[in-house]
Amino acid sequence: MEEKQEALENQSGEEQIKKGVRIIQALRGMKDILPADQKYWKLVFDKVVALASHYGFERYETPVLEEASLFNRSIGKDTDIVEKEMYIFEDLDGTKVALRPEATASLARAYIQHGLWNQPQPIKAWYWGPMFRHERPQSGRYRNFYQFGFEILGEAAPIADVIIILLAYNFYHELGVPVSIQINSIGCVECRAKYVEELTQYFRGQRSHLCEFCKKRLQRNPMRLLDCKEEQCQPVKQNAPQILDSLCDPCREHFMAVLEYLDELGLPYFLNHSLVRGLDYYTRTVFEIYAAGEEGASQAALGGGGRYDLLVSTLGGRPTPACGFAHGVERAASKIREAGRVLPLDEKKDVFIAQLGEQARRKAVVLFENCRKAGIKVAENFYKNGLRPQLEAADKLQVPYALIIGQKEVQDGTVIIRDMESGNQEIVDINKAVGEVKKKLFLS
Ligand SMILES: [Zn+2]
Ligand SMILES: [Zn+2]
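Residues numbered from 1 in each chain as written. Chains lettered and ligands numbered in written order. Predicted model: local features only at pLDDT ≥ 70, side-chain atom pairs only at ≥ 80, totals over all residues.

Secondary structure summary: the chain contains 17 helices and 16 strands in total. Computed over the C-alpha atoms, the radius of gyration of the chain is 29 Å, more than 25% above the 22 Å expected from 2.2 N^0.38 for a compact globule of 444 residues. By its C-alpha atoms, the chain is 95 × 60 × 45 Å across when sized along the principal axes. By the burial criterion, 34% of the 444 residues in the chain qualify as buried. (Helix = DSSP H or I, 4+ residues; strand = E, 2+ residues; numbered from the N terminus. Rg over C-alpha atoms; globule rule 2.2 N^0.38 Å. Buried ≥ 20, exposed ≤ 12 C-beta atoms within 10 Å, placed from the backbone.)

Below, the structure is given as structure tokens:
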């Protein structure tokens, strides 16, 4: 049995398949996040928590699995997400369920379900968790990916949009990644309807110059044509009527107020009249965050968001103005790595416990526990037997002291305390070791 196992480990995956033992890999587009990545993920998470605390946002966690109709109704049937990318299936009881492709709809659902409108408004929420989209895997995009986001529910004033944009910007800015903001307004139900009509007429006149994809989309969702990345559609897009010219007075005033705040704060932003975002629920302000030098590149946005005043009422709640943004964690972690962000050092340890022999290891484990309970930061390598590799490990960790237990010390009930810098050693009663170490470390 053991021999067989060893033989298997020495074979390539292909050879193993030949022998009928298929090596199982993670699903396509899904990724393990190993410690080398976790270091950067922790930077991302810590920054999110710090921002949430400063700006007074509270954490919400919603299930990864929801009724599928939640996303059909909120994100919109004509979107790529709902049409092609949702993990959707029938639960054992026949309910049509979906793995969440994003979290804003879930938060709006929770807002209604728990009567959060009864609490003082606005509700300031943040979340962090896995999302699922069955996209074509390409570099930096995963089917099981993580997002964090901030949402303000129950506030219509432009300052809410500004706080959301500020958070989205500050996240990258404060982690040392130069970014800029692209911003647009897509109006409200009334002024957008007028604009869509105008836009449809314009694109109809240009039909022969459009790509196949846009020709199809023209009937159902002409605003999505502004999003097209095909070369042949670019000149048509450039001359398309701009929504800013069609905004109604309240929408125009709202947008101007947002821009004035951004000027006041000195944030770097660019107006982008073809920015419409992919989801149906947005109204008025929409924005995206780009790394400096990547503005406008296809699918290069690091994150984005906007106002979604209709979402809560679409899901059956009372009319609730709201806005928010989401950033992808994988993109954030790799951007921070590229930016050469220096990782914080691992926590310094106070002592290293080394042991020689099985008897000594038993004493060492107990001493390890006693040190830890006394507030001493203690390192070990219980898996090595020789003293030298253990002391080398202690050296590497730059601990000031090592506690050494050999066979003689087991018999005498003692432990050696070694000053790692001078090499001086003293022998103390094992029951007094914790107290001695604390004294040396000035912990007591
Ligand atoms: Zn309007
Ligand atoms: Zn096109």
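To continue, consider the sheet that holds strand β10 (residues 303–307). Strand order in the open sheet made by the eight strands is β1-β5-β6-β11-β10-β9-β7-β8, with mixed pairing throughout. With one partner strand each, in any of the chains shown, β1 (58–59) and β8 (269–271) form the two edges of the open sheet. Two strands pair when backbone bridges link them, and strand β6 (residues 144–153) and strand β11 (residues 322–328) are joined in this way by seven bridges, in the antiparallel orientation. Bridging across to β11, Gln 147 finds its partner in Gly 328. (Pairing = 2+ DSSP bridges.)

With respect to topology, five strands assemble into an open sheet ordered β13-β12-β14-β15-β16, the strand pairing being mixed. Lying at the two open borders of the sheet, with one neighbouring strand each, are β13 (378–380) and β16 (425–429). When the angles between neighbouring strand axes are averaged without regard to direction, this sheet yields 30°. Examined bridge by bridge, strand β15 (residues 414–419) and β16 share five bridges and lie antiparallel to one another. Looking across to β16, one finds that Val 415 is bridged to Val 428. Its contacts with the sheet put helix α14 (residues 358–373) on β12 (351–355), β13, β14 (401–405) and β15, and the angle it makes with β12 is roughly 165°. Packing of helix α15 (residues 387–396) onto the sheet brings it into contact with β12 and β14, and relative to β12 it is tilted by some 175°. (Axes fitted to C-alpha atoms, helices over the stretch in contact; angles between N-to-C directions. Contact = placed C-beta atoms within 7 Å.)

For β6, the tally of buried residues reaches nine of 10 residues, placing the bulk of the element in the interior. One ladder, built from 10 bridges, connects strand β5 (residues 123–132) with β6; its direction is antiparallel. Looking across to β6, one finds that Met 131 is bridged to Phe 145.

Partitioning the chain into domains gives domain 1 (35–188 + 248–338) and domain 2 (351–440). Computed from C-alpha coordinates alone, the two centres of domain 1 and domain 2 are separated by 51 Å. (Domains from an automatic or database assignment.)

Further remarks concern the nonpolar core. If you look at the biggest cluster of nonpolar residues, it comprises 81 residues, and the most contacted ones within it are Ala 125, Trp 126, Ile 164, Ile 165, Ala 168, Tyr 169 and Ile 289. Residue contributions to this core peak at 11 residues, all from helix α7 (residues 158–174). Among the nonpolar cores identified, the runner-up in size contains 22 residues, and Phe 352, Ile 353, Ala 360 and Ile 405 belong to it. (Core = buried A, V, L, I, M, F, W, Y, C linked by C-beta atoms within 7 Å.)

Helix length check: helix α3 (residues 35–55) (21 residues) gives 30 Å between terminal C-alpha atoms against 30 Å at 1.5 Å per residue, within 8%. Residues of α3 that are buried: Tyr 40, Val 44, Val 48 and Ala 52. On the buried face of α3, the contacting elements are β1, β5, β6 and α13 (329–338). (Expected span 1.5 Å × (residues − 1).)

As a further point, take unusual backbone geometry. Following Gln 121, the chain continues into Pro 122 via a peptide bond in cis, with omega recorded as -5°. One can find Pro 122 in the loop between α6 (104–113) and β5. Even without a glycine there, the phi angle at Arg 284 is positive, about 55°. Inspection of the secondary structure assignment puts Arg 284 in strand β9 (residues 283–291). Using a count of 26 C-beta atoms within 10 Å as the deciding quantity, one classes Arg 284 as buried.

Okay, the packing of helix α4 (residues 68–75) against α6 next. Between two packed helices, what matters for the description is the angle formed by their axes and the separation of those axes. Closest axis-to-axis distance for the α4/α6 pair is 10 Å, and the angle between their directions is 105°. Between α4 and α6, the crossing angle belongs to the class labelled roughly perpendicular. Two secondary-structure elements touch here, α4 through Leu 70, Phe 71, Ser 74 and Ile 75 and α6 through Ala 105, Ala 108 and Arg 109. Partitioned by chemical class, the residues of the contact of α4 with α6 number five nonpolar, one polar and one charged. (Parallel < 35°, antiparallel > 145°, perpendicular 65-115°, else oblique. Nonpolar A, V, L, I, M, F, W, Y, C, P; charged D, E, K, R; others polar.)

Moving on, we come to the confidence of the model for the chain. With 94% of its residues at a pLDDT of at least 70, the chain reaches an overall mean of 91. Low confidence marks residues 1–9, where pLDDT is under 50. Its contacts with residues over four positions away, or in another chain, come to two contacts. (pLDDT = per-residue confidence, 0-100.)

Within the element layout of this structure, Val 434 appears in helix α17 (residues 433–440). In sequence terms Val 434 and Arg 372 are 62 residues apart; their C-alpha atoms lie 9.5 Å from each other. Ignoring any residue separated from it by four or fewer positions in sequence, one finds Val 434 in contact with Asn 370, Cys 371 and Ala 374.

Residues spaced three or four apart along an α-helix face the same direction, because each turn holds 3.6 residues. With 16 residues, α14 should cover 22 Å at 1.5 Å per step; its first-to-last C-alpha distance of 23 Å lies within 8% of that length. Of the positions making up α14, those classed as buried are Ala 360, Ala 364, Leu 367 and Cys 371. Projection of α14 onto a plane perpendicular to its axis shows the buried side chains occupying an angular sector of 70°, all on one side. α14 presents Glu 358, Val 366, Glu 369, Arg 372 and Lys 373 as exposed residues on the side facing more than 90 degrees away from its buried surface. Those residues of α14 hidden inside the fold are in contact with β12, β13, β14, α16 (407–412), β15 and α17. Once α14 ends, the next one or two residues include Gly 375, with phi positive near 90°. (Arc of directions from axis to C-beta.)

Counting buried positions over the five residues of β16 gives zero, only a small fraction of the element. Connecting β15 to the next strand, β16, in antiparallel fashion are five residues, including Gly 423 with a positive phi near 85°.

With that out of the way, let us pick up the environment of Ile 75. Along the polypeptide, Ile 75 turns up in helix α4. According to the C-beta neighbour criterion, Ile 75 is buried, with 22 such atoms within 10 Å. Put simply, Ile 75 and Tyr 261 are 186 residues apart on the chain and 29 Å apart in space, counted from C-alpha to C-alpha. Beyond its immediate stretch of four places on either side in the chain, Ile 75 contacts Ile 81, Val 82, Ala 105, Leu 279, Asp 280 and Tyr 281.

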